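# Understanding the architecture of this molecule
The primary structure of each chain is shown beneath.
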Amino acid sequence: FDQKDVTVVFVLGGPGAGKGTQCAKIKEDFDFVHLSAGDLLREEQQREGSQYGELIKSYIKDGLIVPMEVTIVLLENAMKEAMKKENKSRFLIDGFPRKLDQAVKFEEAVVPCQFVLYFECPEEVLLKRLLKRGESSGRIDDNIESIKKRFRVFADTSFPVIEEYETQGKVKKLSCENSVDGVYDEVKNIFNNLVK
Ligand code: UP5
Ligand code: MG
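Residues numbered from 1 in each chain as written. Chains lettered and ligands numbered in written order. Predicted model: local features only at pLDDT ≥ 70, side-chain atom pairs only at ≥ 80, totals over all residues.

### A short note on the UniProt feature "binding site: ATP" (unreviewed entry) in the protein
So the rule is basically this: UniProt positions are given in the numbering used here, feature names are shortened, and annotations may be inferred rather than shown by experiment. Note on conventions: DSSP H or I runs of at least 4 residues are helices, E runs of at least 2 residues are strands, and numbering of each starts at the N terminus. Exposure classes come from backbone-placed C-beta atoms, where a residue is buried if 20 or more other C-beta atoms lie within 10 Å of its own, exposed if 12 or fewer do, and partly exposed in between. By the criterion used throughout, residues are in contact when their C-beta atoms, derived from the backbone, lie within 7 Å.
Here, UniProt's "binding site: ATP" (unreviewed entry) annotation points to G16, A17, G18, K19, G20, T21, R133 and N178. Position of K19 relative to the elements: it lies in helix α1 (residues 19–29). Among the residues examined, K19 registers 25 C-beta atoms within 10 Å and is labelled buried. Every residue in contact with K19, bar those within four places of it in the chain, is listed here: V11, G13, D94, G95 and F119. If we ignore the near neighbours within four places in the chain, the residues touching G20 are S36 and D94.

### Things to note about the UniProt feature "binding site: a ribonucleoside 5'-phosphate" (unreviewed entry) in the protein
As recorded in UniProt, the feature "binding site: a ribonucleoside 5'-phosphate" (unreviewed entry) lies at R42, L64, I65, V66, G95, F96, P97, R98, Q102, R139 and R150. Across 109 residues, the annotated set is spatially dispersed, with a maximum C-alpha separation of 24.1 Å. With respect to the helices and strands, the residue G95 is situated in the loop between β3 (90–94) and α5 (100–109). In this structure, G95 is in contact with K19, S36, A37 and G38, ignoring residues within four places of it in sequence. By the secondary structure assignment, P97 is in the loop between β3 and α5. Given 28 C-beta atoms within a 10 Å radius, P97 is considered buried. Beyond its immediate chain neighbours, meaning those up to four positions away, P97 contacts F10, Q102, A103, F106 and V161.

Written as structure tokens, this is what we have:
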């Protein structure tokens, strides 16, 4: 990957913060490809013949972070495919990196991110959203036991990634407590100013 040809924005926030919801809107208005690391892992888990199926399933159910070798290859492949097939060069990487060493490795292997969009949200709001979504999502981690584990891993392991990028001055922080459209108004401001 050539740094002058590729733009990467990391979209981070606790479980249920609205990363996927907002990315879907950003890609409508701006020329970005949305890659959710969680979605790519779930697809790989279901792919027939995948050697990682069982591993991914058990990690996701326990809210644990899948070894980065797996995730980074999935992201790289998806980026290459979008560049080749759709001639795209701007990527929203949703839900990754979740650990400091993943951030370092990705930025070495692919490109440094342009900035980090961080959706801040109290756990009680996240919990309500995830339990509601769990009524119909079919996600094996949208249940109270898994959600609690996801919260713990986010606070202990993933939040330090955001703190690290804060020291680099790369974090754009937004509250995700507003309505979907309310949050998106602020997101739009950021993208209008930064990358158009
Ligand atoms: N909703 C959204 N915005 C709202 C708003 N403003 N007001 C009211 N409701 C709002 O939204 C969640 C729910 O809230 C939806 O029902 C939505 O309608 C509503 P969503 O946009 O789906 O939030 P998102 O932040 O994307 O939540 P998600 O559950 O996807 O976040 P996670 O970070 O927990 O999940 P992810 O898929 O990224 O990862 C799942 C697991 O995969 C991880 O726990 C981990 O085990 C594994 N993983 C890795 O190991 N490595 C990785 O790099 C990535 C994932
Ligand atoms: Mg998501």
